[in-house]
Amino acid sequence: MTDHVPHKLRTDARDNRDRILDAARELFSADGLDVPMREIARRAGVGPATLYRRFPTKQGLVAEAFAEQLHACRAIVDEGFADPDPWRGLCRVIEKICELHARDRGFTQAFLSTLPGAPDVAGREYTVRAVAGLADRAKEAGRLRSDFVLDDLILVLMANKGIHAASSTTQVMASRRFAGLVIQAFEACPRHAPLPPAARLASAEPPGPPR
C-alpha cells in the first residue's frame, strides 16, 4: 500500500501537468498570451493552486508549452546557417519558419510577444542573431538586397500570422506561397522562380452575381 500511494500521486501529477499544457496550448493559440492563468486552470480541470504549483510563472508555462516548437525553430535556423550557400540557407529558413508558425498560432504569439521579465521563451533572440549572420553573408554574396533589415523578418511573421484559412492544410499552403513572394521581394536580382501553388482563401473568392 505504501508503494502504491506515491505511485498514484506521481501519476496524478503527470496527468495534471499534461492537462495544463494541453489547455495552455489551446488557449494561447486561440486567444494569445494574455489568457489569465485561472482560465487555463479551469480549462485543464485543475485548481489554481495545482497550476501554480506546477508552473509558478506564466513565462515558465509558455516556455514549456512551446518547447517542441522551440526545438524545431532552432533546428531550422541551424540548418540554414550551416548551408554553404547563404542565400539558399536564408530562403529555407524563411520557408520553414513561416510554415512552422502557420501550423501553430500560439507559437507565433509567443515569438512576437514580450512578457514582463520573461526569458527568451520563444527563441526569438537566438533566431534573430542567427538570421542576422546569415543575412550578412547573403548580402556579401550579392543575393540579398542591401536594404534588408532584421525588422523585415518580424514584419514577415506578423503578416504570416494574419493568414486565415478554412483548414490547417490550406493555411500551410497559403503560407508557403506567401513565403515564395517574400523571398522574391528580398532577392537582390529577382529571378522570378515559379511560386508554390495558390491556396483558395474565402476572402479572395469573387463575389457572386447581384440578386
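Look a little higher up for the structure.
Here the structure is a predicted model, which means the values were calculated and not measured.

For the rest of this paragraph, the subject is the overall build of the protein. The helix and strand inventory of the protein stands at 10 helices and zero strands. Counting from the amino terminus, helix and strand elements in the protein follow one another as α-α-α-α-α-α-α-α-α-α. By the burial criterion, 39% of the 211 residues in the protein qualify as buried. Residue pairs in contact within the protein that sit at least 24 positions apart in sequence constitute 66% of those at least 6 positions apart. When the accessible surface of the protein is summed, it comes to about 12200 Å², and 55% of that surface belongs to carbon and sulfur atoms.

It is worth spelling out helix α7 (residues 105-112) at this point. Think of an α-helix as turning once every 3.6 residues; residues three or four places apart then point the same way. Inspection of α7 places Gly106, Phe107, Thr108, Ala110 and Phe111 among the buried residues, and these make up the whole buried set. Where α7 starts, the residue carrying a side-chain oxygen 3.1 Å from the main-chain nitrogen of Phe107 turns out to be Asp104.

Tracing the sequence through the fold places Arg143 in the loop between α8 (124-140) and α9 (151-161). In terms of polar contacts, Arg143 uses its side chain to reach the side chain of Glu187, at 2.8 Å. Ignoring anything within four residues of it in the chain, the contact list for Arg143 reads Trp87, Ala138, Phe186, Glu187, Ala188 and Arg191.

Let us look at the pattern of salt bridges. Following the criterion strictly, the structure yields 12 salt bridges and no others. The shortest N-O distance in the salt bridge between Arg25 and Asp22 comes to 3.2 Å. With Arg25 and Asp22 both in helix α1 (residues 4-31) and three residues apart, this pair spans about one turn of that helix. A residue is classified by how much of its surface remains accessible, and Arg25, at 28% relative accessible area, is partly exposed.

The subject of this paragraph is the side chain of Thr170. Mapped onto the fold, Thr170 is located in helix α10 (residues 168-186). By relative accessible area, which is 19% here, Thr170 ends up buried. Among the polar contacts made by the side chain of Thr170, one reaches the side chain of Ser167 at a distance of 3.0 Å. Apart from residues no more than four positions distant in its own chain, Thr170 is found in contact with Ala165, Ala199, Arg200 and Leu201.

Moving on to the packing of helix α5 (residues 67-82) against α8. It is the contact of α5 with α8, at a shortest axis distance of 10 Å, that shows an interaxial angle of 20°. The pairing of α5 with α8 is recorded here as roughly parallel in orientation. Judged by the sense of rotation from one axis to the other, the crossing of α5 with α8 is left-handed. Side by side, α5 and α8 meet where Cys73, Arg74, Val77, Asp78, Gly80 and Phe81 of the first sit next to Tyr126, Thr127, Ala130, Gly133, Leu134 and Arg137 of the second. Taken together, the residues of the contact of α5 with α8 break down into six nonpolar, three polar and three charged.

Ile40 and Leu61 are the most contacted members of the largest nonpolar core, which has 45 residues in total. With eight residues, helix α6 (residues 86-103) is the largest single contributor of residues to this core. Those residues in contact with Ile40 that sit more than four places away from it in its chain are Ile20, Ala23, Ala24, Leu27, Phe28, Val35, Leu51 and Leu61.

Next up on the list: α6. With 18 residues, α6 ought to run about 26 Å at 1.5 Å a step, and its terminal C-alpha atoms sit 26 Å apart, in line with that. Counting buried positions along α6 gives 13 out of 18 residues, so the element sits mostly inside the fold. Measuring from the side-chain oxygen of the N-cap residue of α6 to the backbone nitrogen of Trp87 gives 3.1 Å; that N-cap residue is Asp85.

With that out of the way, let us pick up the packing of aromatic side chains. Inspection of the entire model under this criterion finds three aromatic pairs. Geometrically, the ring pair formed by Phe28 and Phe66 is tilted, given 6.1 Å between the ring centres and 35° between the ring planes. Taken as a pair, Phe28 in helix α1 and Phe66 in the loop between α4 (58-65) and α5 lie far apart in primary sequence, 38 residues in all. Of the two residues, Phe28 and Phe66, neither departs from the other in class, the shared state being buried. Measuring from centroid to centroid gives 5.0 Å for Phe148 and Phe186, while their planes differ by 75°, and the two rings are edge-to-face. You can see Phe148 sitting in the loop between α8 and α9 and its partner Phe186 sitting in helix α10, a full 38 residues away along the chain. Judged on exposure class, the residue Phe148 and its partner Phe186 are both buried. Through a chain of ring-to-ring contacts, three or more aromatic side chains come together here, namely Phe28, Phe66 and Phe107. Its guanidinium or amino end placed over the ring of Tyr126, Arg74 lies 4.1 Å from that ring's centre, counting from NZ or CZ. Sitting over the ring of Phe81, Arg137 keeps its end group 5.3 Å from the ring centre.

Calculation notes
- Residues numbered from 1 in each chain as written.
- Predicted model: local features only at pLDDT ≥ 70, side-chain atom pairs only at ≥ 80, totals over all residues.
- Heavy atoms only, no water.
- Helix = DSSP H or I, 4+ residues; strand = E, 2+ residues; numbered from the N terminus.
- Buried < 20%, exposed > 50% of the residue type's maximum accessible area, 1.4 Å probe, protein only.
- Contact = heavy atoms within 4.5 Å.
- Areas by Shrake-Rupley, 256 points an atom, 1.4 Å probe, with all protein chains shown as cover.
- Polar contact = N/O pair within 3.5 Å; in protein donor to acceptor, adjacent residues only side chain to side chain.
- Salt bridge = Lys/Arg side-chain N within 4 Å of Asp/Glu carboxyl O.
- Axes fitted to C-alpha atoms, helices over the stretch in contact; angles between N-to-C directions.
- Parallel < 35°, antiparallel > 145°, perpendicular 65-115°, else oblique.
- Left-handed = near helix turned anticlockwise from the far one by under 90°.
- Nonpolar A, V, L, I, M, F, W, Y, C, P; charged D, E, K, R; others polar.
- Core = buried A, V, L, I, M, F, W, Y, C linked by side-chain atoms within 4.5 Å.
- Expected span 1.5 Å × (residues − 1).
- Phe/Tyr/Trp six-rings, centres within 6.5 Å; stacked < 30°, edge-to-face > 60°.
- Lys NZ or Arg CZ within 6 Å of the ring centre and 35° of its normal.

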